[in-house]
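# Results of the structural survey
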Amino acid sequence: MKKVVSVSIGSSKRNHRVETNMLGENIIIERIGTDGDKEKAIQLIKKLDGKVDAFGLGGIDMYLRCKDKRYIIRDSIPLKQAASITPILDGTFLKDTLERRIIELLNAEGTISFKDKKVLITSALDRYGMAAAFEEQGSSIVYGDVIFALGIPLRIKSYNTLYNIARAVAPLLLRLPFHMLYPTGKSQDAASNNKFNRFFQEADIIAGDYLYIKKYMPEKMEGKIIITNTITSKDIEELTKRGVELLVTTTPEFNGRSFGTNVMEAVIVALSKKKPEDMDNKDYNQMLDKLGFRPRVEYLKRRQQDLAEK
């Protein structure tokens, strides 16, 4: 029996545990949130180190990537160092492989035609593969990194512009406490802040980290397409109520919940029997081929109509 645990500095209300079978292996997948308590997360990692097959690191990334540049998030270092035996993953490789593949698949199968669609990506530094895939499909993109992480209502429509801004400010920003840049702990459960409504209203598709989407999405989301992950059944109810047309999660569903990329990356490492440092994008793509991961596609408008008829 394999066991993967995602230790997250996010809300414990989003905890989940499943037992499943992949590639002939029984595997337990569990997410444990510490409500923003980084020290508690460190102690939990130390307690489980060597007793599980792989850790996911949730609620914080270890790295942000922009083309050829990779930036280390300082607040993540003590969490990563807490594990000396068990590998710990933050989802970086899956964001560059699985998410890129999912966008290509959705377009190829006709689920969504991305050409000329207006796409709002909440954070492209966190999802380089997804951003690149949208560009390749001919979408019109607004990169929301400055909007949602810094609170500055600035439309960035060129990845090269984002790259130049990141080169200038990322080394300084990533020295700040992570909670200043991203919802952590109980702030993940806070009600929506509608200060950036217009960016959502202008877009056909909102893609990226769900906690940014949840924090800023308007009350009315009629006809919108959401492409994200780490979705709970409660999140689906909320998106349905707001009128979202179509929900796609890039990671598969397990008992009503889609886990984050950090969790699924940890699953892949546990099943691959390789050390993470010995794996590259080719290895991840090969494992994805074997696992046959497909996106979760939910037509929420149709779901709402079905519920109303009942």
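In what follows, the structure referred to is the one given above.
A brief structural summary. (Residues numbered from 1 in each chain as written. Predicted model: local features only at pLDDT ≥ 70, side-chain atom pairs only at ≥ 80, totals over all residues. Heavy atoms only, no water.)

## Section: the packing of aromatic side chains
So the rule is basically this: Here a pair means two rings of Phe, Tyr or Trp (six-membered ring of Trp) with centres within 6.5 Å. Their orientation is stacked below 30 degrees between planes, edge-to-face above 60, and tilted elsewhere. Runs of E in the DSSP output that reach at least two residues are strands. Runs of H or I that reach at least four are helices, and both are numbered from the N terminus.
If you walk through the whole model with that rule in mind, you get 11 aromatic pairs. A ring pair is formed by Tyr 143 and Tyr 159, whose centres lie 5.5 Å apart and whose planes are at 80°; its orientation type is edge-to-face. Separated by 16 residues along the polypeptide, Tyr 143 in strand S9 (residues 140-143) and Tyr 159 in helix H7 (residues 159-173) bring together distant segments of the chain. Both rings, one in Phe 148 and one in Tyr 212, keep their centres 6.1 Å apart while their planes meet at 35°; by these two values the pair is tilted.

## Focus: the sheet that holds strand S3 (residues 25-33)
Stated precisely, the cut-off is as follows: Strand pairing is assigned whenever DSSP detects at least two bridges linking the two strands. Contacts: residue pairs with any heavy atoms within 4.5 Å of one another. Each axis is a line fitted through C-alpha atoms, and for a helix only the stretch in contact is used; angles between axes span 0 to 180 degrees, taken between their N-to-C directions.
Taking strand neighbours across the sheet as the criterion, the 5 strands line up as S2-S3-S1-S4-S7 in an open arrangement whose pairing is mixed. Looking at the sheet topology across the chains shown, the edges are occupied by strand S2 (16-22) and strand S7 (88-89). In terms of strand pairing, strand S4 (residues 54-58) meets S7 through 2 bridges, oriented parallel. Along S7, the bridge assignment pairs Gly 56 with Leu 89. Contacts from helix H1 (residues 38-48) reach strand S1 (2-8), S3, S4 and S7, with the element oriented near 165° to S1.

## A few points about the pattern of salt bridges
Definition in use: Salt bridges are defined as contacts in which a side-chain nitrogen from Lys or Arg sits within 4 Å of a carboxyl oxygen from Asp or Glu. Relative accessibility under 20% of the residue-type maximum defines a buried residue, over 50% an exposed one, and the middle range a partly exposed one, all with a 1.4 Å probe and only protein chains included.
The full count for this structure, using the stated rule, is 21 salt bridges. Arg 17 is the partner of Glu 30 in a salt bridge, and the nearest nitrogen-oxygen pair spans 3.9 Å. Of this pair, Glu 30 sits in strand S3 while Arg 17 sits in strand S2, and the two are 13 residues apart along the sequence. For Glu 30, a relative accessible area of 18% gives the class buried. On the basis of relative accessible area, Arg 17 is assigned to the partly exposed category, the value being 42%. One network of salt bridges, with partners in common, ties together Asp 61, Lys 95, Glu 99, Asp 126 and Arg 127.

## Regarding the packing of helix H11 (residues 261-272) against helix H12 (residues 281-291)
For clarity, the cut-off: Geometric relationships in this document are graded by angle, where less than 35 degrees denotes roughly parallel, more than 145 denotes roughly antiparallel, 65 to 115 denotes roughly perpendicular, and other angles denote oblique.
Two numbers describe how H11 lies on H12: the axes approach to 11 Å, and their chain directions differ by 90°. Relative to H12, the element H11 is oriented roughly perpendicular. Judged by residue contacts, Glu 265, Ile 268, Val 269, Leu 271 and Ser 272 of H11 engage Tyr 284, Met 287, Leu 288 and Leu 291 from H12.

## Structural notes on the environment of Ile 205
Within the secondary structure layout, Ile 205 lies in strand S10 (residues 205-207). Taking relative accessible area as the criterion, Ile 205 reaches 0% and is therefore assigned buried. In this structure the C-alpha to C-alpha distance between Ile 205 and Lys 118, which are 87 residues apart in sequence, comes to 6.3 Å.

## With respect to the packing of helix H4 (residues 98-108) against helix H5 (residues 128-136)
Filter applied, for reference: Each crossing gets its hand from how the near helix is turned against the far one by less than a right angle, where anticlockwise is left-handed and clockwise is right-handed. Note on residue categories: nonpolar means Ala, Val, Leu, Ile, Met, Phe, Trp, Tyr, Cys or Pro, charged means Asp, Glu, Lys or Arg, and polar means any other residue, Gly included.
Running from amino to carboxyl end, H4 crosses H5 at an angle of 25°, the nearest separation of the two axes being 7 Å. The pairing of H4 with H5 is recorded here as roughly parallel in orientation. Crossing geometry of H4 relative to H5 is assigned as right-handed. Every residue of H5 that contacts H4 at Glu 99, Arg 100, Ile 103 and Glu 104 is listed here: Tyr 128, Gly 129, Met 130, Ala 132, Ala 133, Phe 134 and Glu 136. Residue classes in the contact of H4 with H5 are distributed as 6 nonpolar, 1 polar and 4 charged.

## A look at H7
Here is the rule: One axis fitted to the seven residues ending at a residue, another fitted to the seven starting there: the angle between these axes is the bend at that residue. A 3.5 Å cut-off defines polar contacts: any pair of N or O atoms within that distance qualifies, except that in protein one atom must be a possible hydrogen donor and the other a possible acceptor, and neighbouring residues in sequence count only when both atoms are side-chain atoms.
Its axis deflected by about 45° at Arg 167, H7 carries its strongest bend there, up to four residues before the proline Pro 171. For H7, the full list of buried residues reads Tyr 159, Leu 162, Tyr 163, Ala 166 and Ala 170. Contacts made by the buried residues of H7 are with strand S5 (63-66), strand S6 (69-72), H5, S9 and helix H6 (145-150). Two to three positions downstream of the cap, the backbone nitrogen of Asn 160 sits 3.2 Å from a side-chain oxygen, assigning the N-cap of H7 to Ser 158.

## Remarks on the pairing of strand S8 (residues 118-121)
Here is the rule we go by: Throughout, right-handed denotes a crossover for which the path from the first strand over the helix to the second runs clockwise when the strands point away from the viewer.
When S8 meets S9, the two strands line up parallel, connected through 4 bridges. Paired with Leu 120 across the bridge in S9 is Val 142. Remark: the S8/H5/S9 crossover connection has right-handed handedness. Of the strand pairs in this sheet, S8 and S10 are connected by 3 bridges, and their pairing is parallel. When the bridges of S10 are listed, Leu 120 appears paired with Ile 206.

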